[in-house]
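# Examining the three-dimensional arrangement
So you can see what is in the structure, the chains are spelled out below.
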Amino acid sequence: MDVMNVLRNIFLFLIFPGFFFTAIIGLVSTWVDRKVTALVQWRKGPPFLQPFYDVVKLLGKETILPKNGNSFVFLAAPVLGIVCVSIVSSILWTSNIYGTSFVGDLIVVIYLITVPSIALIIGGSASGNPLASHGAGREMKLILAYELPFLLCIAVVVLKADGSIRIADLMRTPLTGSVSGVIAFIVGILVVQAKLGFVPFDIAEAETEIIAGPYIEYSGPPLSLFKMTQAMMLFTLPVLLVTLFLGGFSFIGLEILWSILKFILILVVIIVIKNTNPRIRIDQAMNFFWFGCGIISLIALGLAIAGKIYQIPWL
């Protein structure tokens, strides 16, 4: 009986919300992205089920292993990425739906949400292809660039919540009513753009330069897992922003409409940024995050500290 309860809890709290639900909504979000992009470019765009067709098609294709690569690491990398984003999604949805969390779950989320990018680096490096390794190197530099501003933004959230590192506590402290919170939220959106690998930060993939970078040797189910991970990230990262900065999700009455609207708003902003900017170089990205977003995030953190010390809520 205890084993059945454990399996039931794993399905209810991990597999269903973390993978199935997130994967479905993530693929739908991908369709929205592709459809809006097509309309901006005066095209019709794909049908609603096209992202699902793409995943199923890749699952049925042959997996070709690179001759000079490390096969085990090459195949394990996409599995690592999709498992970690599933766990992050489970933690976020458990906090939003049930209002429960554990001490330090924020730290776990921050750590695991970086793993899909690390998995891409590992997979590209293990392929033995010089273009893939070049793309993996770009992705590594990009992580080093945006992680510092991201952590500073999280520090603003934690400070506003009186030092709590439980996501359920952070949800009760919306930051849009304070200057530091708004600044941290804007920087957070830019960091999410880079974590997704979207324009102008699609530097690692760069199809017109290095032919998809770390993805170049992937085919069949492993490539499908990477594409699925990216789709799930497109859903999970906006959910993370809503949870940390906009008071989370509520499923009571009409409040559910406001919750959905907050997610759609962030998704639209991400898509607009993607379609209105050219790709930048890796050195430009590092300068942007270190000397641009980094300094702005420090200002936001300073304002949050001043607001705490002098009891000024709007700071």
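Before reading further, recall that the structure is shown in the block above.
The following paragraphs examine the structure supplied in this document. Predicted model, so just to flag it, every value in this text is computed and none were measured. (Residues numbered from 1 in each chain as written. Predicted model: local features only at pLDDT ≥ 70, side-chain atom pairs only at ≥ 80, totals over all residues. Heavy atoms only, no water.)

### Comments concerning the overall build of the protein chain
What counts is decided by this rule: Numbering of helices and strands starts at the N terminus; helices are DSSP runs of H or I of at least 4 residues and strands are runs of E of at least 2. Here the globule rule is a power law, 2.2 Å times the number of residues to the power 0.38, and the radius of gyration is based on C-alpha atoms.
What the protein chain contains, in helices and strands, is 12 helices and zero strands. For the protein chain, the α and β elements follow one another from N to C terminus as α-α-α-α-α-α-α-α-α-α-α-α. Taking 20 Å as the expected radius of gyration for a compact globule of 315 residues, we find that the protein chain reaches 20 Å, a close match to that expectation. Seen through its C-alpha atoms, the protein chain measures out along the principal axes to roughly 60 × 55 × 40 Å.

### Concerning a nonpolar patch on the surface
Rules: Residues with no salt bridge and a relative accessible area higher than 30% make up the patches, which join like charges within 9 Å and nonpolar side chains (Val, Leu, Ile, Met, Phe, Trp, Tyr) within 5 Å. Residue exposure ignores everything except the shown protein chains as possible cover, and the areas themselves are Shrake-Rupley values with a 1.4 Å probe. Put simply, a salt bridge is a Lys or Arg side-chain nitrogen that is within 4 Å of an Asp or Glu carboxyl oxygen. Each residue is placed in one exposure class: buried if its accessible area under a 1.4 Å probe, protein chains only, is under 20% of its type's maximum, exposed if it is over 50%, and partly exposed if it falls in between.
On the surface, a cluster of nonpolar side chains totalling about 720 Å² of accessible area is made up of Met140, Leu144, Leu148, Trp290, Phe291, Ile295 and Ile299. Mapped by element, the contributors of at least two residues to the nonpolar patch are α6 (130–160) and α12 (282–309). Of note, Phe291 is situated in helix α12. What makes Phe291 exposed here is its relative accessible area of 55%.

### Side note on the packing of aromatic side chains
What counts, and what does not: Classification of ring pairs rests on two measures: the distance between centres of Phe, Tyr or Trp rings, Trp counted by its six-membered ring, which must be within 6.5 Å, and the angle between planes, read as stacked under 30 degrees, edge-to-face over 60 and tilted in between. Two thresholds decide whether a charge sits over a ring: the Lys NZ or Arg CZ must be within 6 Å of the ring centre and within 35 degrees of the ring normal.
The final tally for this structure, using the stated rule, is 14 aromatic pairs. Arranged with centres 4.0 Å apart and planes meeting at 10 degrees, the rings of Phe74 and Tyr218 form a pair that is stacked. Within this pair, whereas Phe74 is found in helix α3 (residues 71–98), its partner Tyr218 is found in the loop between α9 (207–210) and α10 (220–245), the two being separated by 144 residues in sequence. The two residues Phe74 and Tyr218 agree in class, both being buried. Among the aromatic side chains, those forming a connected cluster through ring pairs are Phe21, Trp93, Phe235, Phe249 and Phe263. Taking the ring centre of Tyr215 as reference, the NZ or CZ of Lys227 above it sits at 5.0 Å.

### Looking at the pattern of salt bridges
Inspection of the entire model under this criterion finds seven salt bridges. Of the charged contacts, one joins Arg34 and Asp54 as a salt bridge, the two residues approaching to 2.9 Å between their closest N and O atoms. Taken together, the residues Arg34 in helix α1 (residues 2–40) and Asp54 in helix α2 (residues 50–59) connect sequence positions 20 residues apart. As a salt-bridge pair, Asp202 and Arg279 come within 3.2 Å of each other at their nearest N and O atoms. Taken together, the residues Asp202 in the loop between α8 (179–195) and α9 and Arg279 in the loop between α11 (255–275) and α12 connect sequence positions 77 residues apart. Among the residues examined, Asp202 registers a relative accessible area of 13% and is labelled buried. Taking the relative accessible area as the measure of exposure, Arg279 reaches 28% and is therefore partly exposed.

### Some points on α3
For clarity, the cut-off: The length a helix should cover is 1.5 Å for every residue beyond the first. Bending is quantified residue by residue as the angle between axes fitted to the seven-residue window ending at that residue and the seven-residue window starting at it. Pairing of N or O atoms within 3.5 Å defines a polar contact, subject to two protein rules: one partner must be a possible hydrogen donor and the other a possible acceptor, and residues neighboring in sequence count only if both atoms are side-chain atoms.
Its 28 residues give α3 an end-to-end C-alpha distance of 41 Å, which sits within 8% of 40 Å, the value for a rise of 1.5 Å per residue. The largest bend in α3 amounts to roughly 25 degrees and is located at Ala77, with the proline Pro78 lying one to four residues further along. Two to three positions downstream of the cap, the backbone nitrogen of Phe72 sits 3.3 Å from a side-chain oxygen, assigning the N-cap of α3 to Asn70.

### Overview of the packing of α8 against α11
Inclusion rule: Axis lines are fitted to C-alpha atoms, over the contacting stretch for helices. Their N-to-C directions set the angle, which ranges from 0 to 180 degrees. For this classification, under 35 degrees means roughly parallel, over 145 means roughly antiparallel, 65 to 115 means roughly perpendicular, and everything else is oblique. A clockwise turn of the near helix away from the far one marks a right-handed crossing, whereas an anticlockwise turn of less than a right angle marks a left-handed crossing. Contact between two residues is taken to exist if any of their heavy atoms lie within 4.5 Å; hydrogens are not considered. Here the nonpolar group is Ala, Val, Leu, Ile, Met, Phe, Trp, Tyr, Cys and Pro; Asp, Glu, Lys and Arg are the charged ones; every other residue, Gly included, is treated as polar.
Two numbers describe how α8 lies on α11: the axes approach to 10 Å, and their chain directions differ by 60 degrees. Considering their axes alone, α8 and α11 lie oblique with respect to each other. Where α8 crosses over α11, the handedness of that crossing is right-handed. On α11, the residues touching Phe185, Ile189, Leu190, Val192 and Gln193 of α8 are Ile266, Val269, Ile270, Ile273 and Lys274. In terms of residue class, the contact of α8 with α11 is made up of eight nonpolar, one polar and one charged.

Take it as geometry only, folks, not as evidence of what the structure does.
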